[in-house]
Each structure stands twice: as C-alpha cells, then as structure tokens.
Amino acid sequence: MKHLPYLVSVVLASSFVIAQPAQAQVAYGSYVGVGPTVGLSDGGQIGGVLAFRYKLLESPVSFRAQALIGQSTAVVPTVSYDVPLNWQTDAYLGAGLVLAGGDTPSPVGNKISFALQPGVDYVVPNSNTVIFGNAIIAFDAYRDGGGTALSLQGGVGLRF
C-alpha cells in the first residue's frame, strides 16, 4: 500500500509517453560505383558499368544513372522507387531511358529505348561501402528489328 502513490505516478507518467514502433528506413546515402555487366541479348556481351545513385533524403525516391561499356556504350538514367528490406538493404524499381546509338550494340542495345531497372543496394555496416546489383530491361532496343535487351550488372560503390 505504501508504494501505491509511486505506482500511480509511474502509470500516469507513462501514459503521456507515446511509443512508436521502429521502422526500417531506406538505406541513406548517395554513391558512385563500378563493376561488371553482362548483356544477355543479341549473342551476349561482357563489359563494365559505372553506377551513380543520388538519394533524396526522407523520400523513397532516387535518381540513378549507369554507363554500360561493352562493344559500344550506353547511358541509362532512371528514377527509382526504393523499398527498405532492413536497415542496410533496399530493393528498388526504376524506370528511364537507354541512351545508345551507333551500329554496334551495347549490353542494352543500340537504340534509344524505354527501360525498367529492378535492383538491390546493400550498405556494408559501419562503412561507406555499398554493394549493388540490378538488371536493365530495355524494350525495342535494337535498330534492326527491335527486340528486348537484358543486362545484369553489379559492383561495389562508395557512399558520399
């Protein structure tokens, strides 16, 4: 009984504190990275990728650009919607354009075309290192007969 006033004051004080559950945030940080790319269409092609991500803080949107360098070069700017999977990982789906030209196809074709880019970013804990992987699906990507181009790329990036 002598502890009843303390118990009542603790209950009343705790009723004013509103606890909210913790939620995973999209992995913060923009980055630039490099890695390999593999074009899976038109006979296959191996090359390199230079990747860039600019993350809009407190928004699940990122601006991305990738330069795919193979037999020819293509630049793929996209806008992505990022979905957090946990504190270090987010999946995303981007939409944009493949900017390619010339007679020789790049890993994603040789024509300006619409592209979808699903992917995953993983931030290595306690570092500025990002491991990324994605696919680029380019629709109507070839001058000679259209067709869909598919490339897979991944690599390591540095957050800034």
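Residues numbered from 1 in each chain as written. Predicted model: local features only at pLDDT ≥ 70, side-chain atom pairs only at ≥ 80, totals over all residues. Heavy atoms only, no water.

**Quick notes on the side chain of Ser 106**
Then, in step 1: As for its position among the elements, Ser 106 is in the loop between β5 (89-100) and β6 (113-123).
Then, in step 2: Discounting chain neighbours no more than four positions away, the residues touching Ser 106 are Gln 45, Ser 72, Thr 73, Ala 74 and Ala 100. (Helix = DSSP H or I, 4+ residues; strand = E, 2+ residues; numbered from the N terminus. Contact = heavy atoms within 4.5 Å.)

**Focus on the pairing of strand β8 (residues 149-159)**
Then, in step 1: In this sheet, β8 lies alongside strand β1 (residues 31-39) in antiparallel orientation, the contact comprising 7 bridges. Bridged to Gly 33 within β8 is Gly 157.
Then, in step 2: Bridging between strand β7 (residues 129-139) and β8 involves 10 bridges; their strand directions are antiparallel. Note on β8: the bridge partner recorded for Asn 134 is Gln 153. (Pairing = 2+ DSSP bridges.)

**Thoughts on the pairing of strand β4 (residues 73-84)**
Then, in step 1: Alignment of strand β3 (residues 61-69) against β4, held across 9 bridges, turns out to be antiparallel. Residue pairing across strands places Ala 67 opposite Val 75, the latter belonging to β4.
Then, in step 2: In textbook terms, the turn of a hairpin is the stretch between consecutive antiparallel strands, and for β3 and β4 this stretch comprises 3 residues.
Then, in step 3: What sits between β4 and β5 in their antiparallel hairpin is a turn of 4 residues.

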